[in-house]
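Each chain, letter by letter, is given below.
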Amino acid sequence: VIPRIEKGNWSISQLEFISSIETKSDQDHFVKGNYRVIPNPSRRYGILIPELYFYYEVYGIDTSRGDLKADYVITDKNNISQKELSDIKIQKPGTSASVIHGIDVSNLSTGIYDLNVLITDSENLKTLSLKRQFEIIQADFFLNTETITEEQSEIFKTTLTYLGTPQQLNFYNSLDLSAK
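Read on for an overview of the structure.

### Considerations on the overall build of the protein
Step number 1: Summing up its helical and strand segments, the protein has 2 helices and 11 strands in all.
Step number 2: In the protein, the succession of α and β elements from N to C terminus is β-β-β-β-β-β-β-β-β-β-β-α-α.
Step number 3: With respect to the principal axes defined by its C-alpha atoms, the protein has extents near 60 × 40 × 25 Å.
Step number 4: Partitioning the contacts of the protein with sequence separation of at least 6, the portion at a separation of at least 24 is 63%.
Step number 5: Only carbon and sulfur atoms are counted for the fraction: they give 50% of the accessible area of the protein, which is about 11300 Å².
Step number 6: With 18 positive and 24 negative side-chain charges, the protein shows a spacing of 7 Å between the two charge centroids.

Written out as structure tokens, the structure reads:
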């Protein structure tokens, strides 16, 4: 669902999860500003991707004064806060802003979580909020998982060729069958 963006109305895009961010090297459809942003459509983080990177845009910003503030809260399935980042300053470069942030999730256990985002313009007493679910998979996930077959390993490798980065594919290829 794409939210309706009307000129002059303060609004926010959908929250997008990212698997990696690099300094822009060439122009392609993954470039956002000065960065090459690789999406993470699976929304899985943890042992292979320990940093939860995310991206969103704010529109219809009142540029007359002040900055925006962001609060990020990661909650578990029981809606209990597991990580919080507060009072993150977002500059107002114009009437819209692209925001990329990251949170270390390497110490969260395997499970389903929500990323809650609250954007505040304290000068104008306005707030915007976003919420999106993601998954953490740590080493404990694999303790009760059977080893995959060689055929399944090749299927996963083919999938990773399309969805992963070259670094992730190299890492996958270096693993034995039980690690895969």
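Continuing now.
### Quick word on the sheet that holds strand 10 (residues 111–121)
Step number 1: Read across the open sheet, the 5 strands follow the order 5-11-10-7-8; overall the sheet is mixed. Looking at the sheet topology across the chains shown, the edges are occupied by strand 5 (44–46) and strand 8 (81–90). Mean inter-strand twist for the sheet, computed between neighbouring axes without regard to direction, equals 30°.
Step number 2: In the sheet, strand 5 pairs with strand 11 (residues 126–137) via 3 bridges, with the strands oriented parallel. Bridging across to strand 11, Tyr 45 finds its partner in Ile 136.

### Some thoughts on the pairing of strand 10
Step number 1: Burial runs high along strand 10: 8 of the 11 residues are buried.
Step number 2: Inspection of the sheet shows strand 7 (residues 68–75) paired to strand 10 by 7 bridges, in the antiparallel sense. Looking at the pairing, Val 73 lines up with Asn 116 of strand 10.
Step number 3: Inspection of the sheet shows strand 10 paired to strand 11 by 11 bridges, in the antiparallel sense. Across the sheet, Val 117 pairs through a bridge with Leu 130, a residue of strand 11.

Parameters and conventions
- Residues numbered from 1 in each chain as written.
- Predicted model: local features only at pLDDT ≥ 70, side-chain atom pairs only at ≥ 80, totals over all residues.
- Heavy atoms only, no water.
- Helix = DSSP H or I, 4+ residues; strand = E, 2+ residues; numbered from the N terminus.
- Contact = heavy atoms within 4.5 Å.
- Areas by Shrake-Rupley, 256 points an atom, 1.4 Å probe, with all protein chains shown as cover.
- Lys, Arg positive; Asp, Glu negative; His and termini not counted.
- Charge placed at Lys NZ, Arg CZ, Asp CG, Glu CD.
- Pairing = 2+ DSSP bridges.
- Axes fitted to C-alpha atoms, helices over the stretch in contact; angles between N-to-C directions.
- Buried < 20%, exposed > 50% of the residue type's maximum accessible area, 1.4 Å probe, protein only.

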